[in-house]
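A closer look at the structure
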Amino acid sequence: TIPLQHGAHRIGNRTDADMQRWRDLRFGQFIHWGVYAIPGGMWDGKVYNGAAEWIRSWKEMPHEAYDQLYKQFNPVKYNPADWAQQAKNMGAKYMIITTKHHDGFCLWPSKYAKYTIANTPYKKDILGPMVEAYNKAGIDAYLYFSIIDWNHPDWRTSIKSPADSMAMARFKVFVKNQLKELLDRYPTVKGFWFDGTWDESWKNDGAFSDELEQYLQQLHPGLIIGSRLRADEKGARHFDSNSRLMGDYEQGWERKLPNTIADVHGNDWEGVMTVPENQWGYHQQWFGHVKSANELIEMLVKSASLNGNFVLNFGPKPDGTFRTEEQELMRNIGRWMQVNGSAVYGTGYAGLEKPDWGYYTRKTGTDTVYMVVCNVPVNGNLRVKLPAKQSIAKAWALEQPGVALQPELVSRDEYFIPVEQKVYTSPLVIVMKLEQQQRGQGNFEKAKT
Ligand SMILES: C[C@@H]1N[C@@H](C(=O)NCc2ccccc2)[C@H](O)[C@@H]1O
């Protein structure tokens, strides 16, 4: 291995209570909200085809015009208690809020910047009431923070001169000050979600990203910070130059998910997902494929089945309300989670071969395995293949706990569980209790009894 000062400092996953709590939550709500919601992906009668929160970088949007928009930010309908209730109804157990996106606009009255909510018609802190409302609803709060800051005069994408070095040095002090300010103002937050760390100026300063992570942990022990913050001293990101994961979980799964357990290399990980193909901030005209509740439920279950968390993004409107499509989604996903959440919360990889009909999740540390059926087989049977010497002690549909299903043993360690041929409007969940076979009790003897 290559000797590193600023690579991963831990081999393997965190085992402390804060991290176990994060693991068990499994389902989060991302919120991208800021000045970019005002144009909402359109300007001067033209539609921006990029991600709405990047509209400032669009050639049709003059920087001066964008940089005045904060003077119109006045979300008179903003009601964090209502947001929290909708998130709770959806079944989200944690929330990640953009404190400051790449444009540098701060949703809190930072004393280190002028480009903040304090200097808008709204004036009041957005974050405090949000964190409070979500925590009150039993939802943990995490803070998204962009290192890239297009508004700050000292931000540099690359260091090309001594002047750049001095500017970036000032910028790093500013970043540290803002992060400490956020922890001082919102002490109940459980972690940071860093973004905007791909530019050279950051990638080539692995030492600082390492020191910053340690500084934050020492300020607030137990914080959960993903791999995207980190670079090592050779410019390697997420994984250090010895291929060891930095940070507390792999934070690279953005708008994509791993496909097999091999893809996650035994690490904790989190996938973050947009409802349309690529819009995080509010866009007035969603175009392309908009994901359905069932599609997103399947992604959530797939994530849990591969030992990961799934965070679904919402982009509130400038008036402080969620668009109707997003409200509808929260209700529809919530209806399924209300009944079937136990197949997601506190679960992980079941250690079984992925079946054709859907996903297995296992209640962590138990013999309880959930079968989440997304593709009902035309032969009417759910094939369950177990490792040698394991058998199904009991099986039942989650919605009919009193009705024992009769798995048919079709070959050694393989069962068929019949599934009703009908129209399914959402994934079906079956619960199995597995057991180690008693000594000497071969499979076929079992079938005879
Ligand atoms: C969570 C999302 N991350 C921001 C983003 O710029 N993603 C695009 C991107 C992702 C990975 C490397 C470079 C650029 C988006 O604006 C969202 O905030």
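Here's a quick rundown of the structure. (Residues numbered from 1 in each chain as written. Predicted model: local features only at pLDDT ≥ 70, side-chain atom pairs only at ≥ 80, totals over all residues. Heavy atoms only, no water.)

Phe192, Leu216 and Ile333 are the most contacted members of the largest nonpolar core, which has 96 residues in total. Listed in part, the 20 residues of the second largest apolar core include Leu352, Tyr360, Ile392 and Ala395. (Core = buried A, V, L, I, M, F, W, Y, C linked by side-chain atoms within 4.5 Å. Buried < 20%, exposed > 50% of the residue type's maximum accessible area, 1.4 Å probe, protein only.)

This brings us to the sheet that holds strand S17 (residues 414-418). The strand order S14-S17-S16 describes an open sheet built from three strands, whose pairing is antiparallel. Bordering the open sheet on either side are strand S14 (381-385) and strand S16 (408-411), each of which pairs with just one other strand. Ignoring strand direction, the axes of neighbouring strands in this sheet form an average angle of 35°. Across three bridges, S16 lies against S17 in antiparallel orientation. Following the sheet pairing, glutamate 408 is matched in S17 by phenylalanine 416. (Pairing = 2+ DSSP bridges. Helix = DSSP H or I, 4+ residues; strand = E, 2+ residues; numbered from the N terminus. Axes fitted to C-alpha atoms, helices over the stretch in contact; angles between N-to-C directions.)

This part covers the environment of glycine 402. With respect to the element layout, glycine 402 can be found in the loop between strand S15 (390-397) and S16. Looking at glycine 402, the relative accessible area reads 75%, which means it is exposed. Measuring from C-alpha to C-alpha, the distance between glycine 402 and proline 162 comes to 73 Å, with 240 residues separating the pair along the chain.

The environment of the ligand is formed by His32, Glu53, Trp54, His101, His102, Tyr144, Trp193, Asp195, Trp198, Arg228, Glu254 and Trp280. Between the ligand and the protein, one listed contact pairs an oxygen atom with a side-chain N or O atom of histidine 102 at 3.3 Å. Tallied by class, residues from the shell around the ligand come to five nonpolar, three polar and four charged. (Near = heavy atom within 4 Å. Polar contact = N/O pair within 3.5 Å; in protein donor to acceptor, adjacent residues only side chain to side chain. Nonpolar A, V, L, I, M, F, W, Y, C, P; charged D, E, K, R; others polar.)

Let us look at the pairing of strand S12 (residues 358-363). S12 sits mainly inside the fold: five of its six residues count as buried. Examined bridge by bridge, strand S11 (residues 347-348) and S12 share two bridges and lie antiparallel to one another. Along S12, the bridge assignment pairs glycine 348 with arginine 362. As judged from the five bridges shared by S12 and strand S13 (residues 368-373), these two strands associate in the antiparallel manner. By the bridge assignment, arginine 362 is partnered in S13 with valine 369. Between S12 and S13, which pair antiparallel one after the other, the connecting turn spans four residues, and glycine 365 there sits at a positive phi close to 80°.

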